[in-house]
Amino acid sequence: MKTKENRLFLFDLPSWIQSILWVIISTLVLFGLGEGVGNIFKINEDIAGAIPYVIFDVLIAIGCFYIVKLNFKSIWYVPLICNAIGIIAALIEPTFWKTSLWMLICSGWVLSIIASLLGAKAGRRADANIPG
């Protein structure tokens, strides 16, 4: 029999709700860093503009990994929901494909898919090792 550990209530939420919460948190971090990185560190504007997107991509990949690890059957929709901001930007923003922004966002998509696959593999392995 599986024992229920003392966990946060967030772990008991469905994967799609966890994904939406992770998108909101990651987007807030993206906009917060986007406004402050260039002003704080006094670095090149191009580099200062890329750093928040790289951190955003890594946060999305981490979220995809852990959400899919908890429920490996959610691999089909967690990367889509977590990358909703980038997908919407690709569809709506007229200059998305003309700037270097698409490279950052699309590399994040690839990273989140790889992280989701690794999370599903880890989740299946952990689920197979639980007796009962």
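Note that this is a predicted model, so its numbers are computed, not measured.

Student: Help me understand the overall build of the protein in this model?
Tutor: Counting its regular elements, the protein contains five helices and zero strands. The secondary structure elements of the protein, listed N-terminal to C-terminal, are α-α-α-α-α. Of all 132 residues assigned to the protein, the portion counted as buried reaches 30%. Contacts in the protein between residues at least 24 apart in sequence constitute 65% of all its contacts with a sequence separation of at least 6. For the protein, the computed accessible surface area is about 8900 Å², with 70% contributed by carbon and sulfur atoms.

Student: Sorry if this is basic, but what is going on with the packing of aromatic side chains here?
Tutor: The relative placement of two aromatic rings is captured by the distance of their centres and the angle of their planes. Applying the stated criterion across every chain, the model contains three aromatic pairs. Judged by centre distance (5.0 Å) and plane angle (85°), the ring pair of Phe65 and Tyr66 falls under edge-to-face. Taken together, the ring pairs in this structure connect Phe96, Trp97 and Trp102 into an aromatic cluster.

Student: Before we go on, may I ask you to explain the confidence of the model for the protein in this structure?
Tutor: Low-pLDDT portions of the prediction should not be read for the details of their coordinates. Per-residue pLDDT for the protein has a mean of 83; in total, 81% of the residues score no lower than 70. Per-element mean pLDDT across the protein ranges from 82 in helix α1 (residues 15–41) up to 93 in helix α3 (residues 78–82).

Student: Got a minute to help me understand the side chain of Ser15 in this structure?
Tutor: Structurally, the position occupied by Ser15 is in helix α1. Judged by its relative accessible area of 5%, Ser15 falls in the buried class. At a separation of 3.5 Å, a polar atom in the side chain of Ser15 contacts the side chain of Ser74. Once you skip the residues sitting within four places of it in the chain, Ser15 turns out to touch Ile67, Asn71, Ser74, Tyr77 and Val78.

Student: Would you explain the environment of Leu13 in this entry?
Tutor: Counting through the fold element by element, Leu13 comes out in the segment before α1. Setting aside chain neighbours within four positions, we find Leu13 in contact with Gln18 and Leu21.

Student: It is not clear to me how the side chain of Thr27 should be interpreted in this structure. Could you clarify?
Tutor: Within the secondary structure, Thr27 is located in helix α1. Residues contacting Thr27, with those up to four places away along its chain left out, are Phe56 and Ile85.

Student: I would appreciate a short explanation of the nonpolar core in the present structure.
Tutor: Formed by Val23, Leu30, Phe56, Ile60, Cys64, Ile67, Val68, Phe72, Ile75, Val78, Cys82 and Ala120, the largest nonpolar core amounts to 12 residues. Those elements giving two or more residues to this core turn out to be α1, α2 (45–70) and α3. Top contributing element to this core by residue count: α2, with five residues. Aside from chain neighbours lying at most four places away, what touches Ile75 is Val68, Ser116, Leu117 and Ala120.

The rules we used
Residues numbered from 1 in each chain as written. Predicted model: local features only at pLDDT ≥ 70, side-chain atom pairs only at ≥ 80, totals over all residues. Heavy atoms only, no water. Helix = DSSP H or I, 4+ residues; strand = E, 2+ residues; numbered from the N terminus. Buried < 20%, exposed > 50% of the residue type's maximum accessible area, 1.4 Å probe, protein only. Contact = heavy atoms within 4.5 Å. Areas by Shrake-Rupley, 256 points an atom, 1.4 Å probe, with all protein chains shown as cover. Phe/Tyr/Trp six-rings, centres within 6.5 Å; stacked < 30°, edge-to-face > 60°. pLDDT = per-residue confidence, 0-100. Polar contact = N/O pair within 3.5 Å; in protein donor to acceptor, adjacent residues only side chain to side chain. Core = buried A, V, L, I, M, F, W, Y, C linked by side-chain atoms within 4.5 Å.

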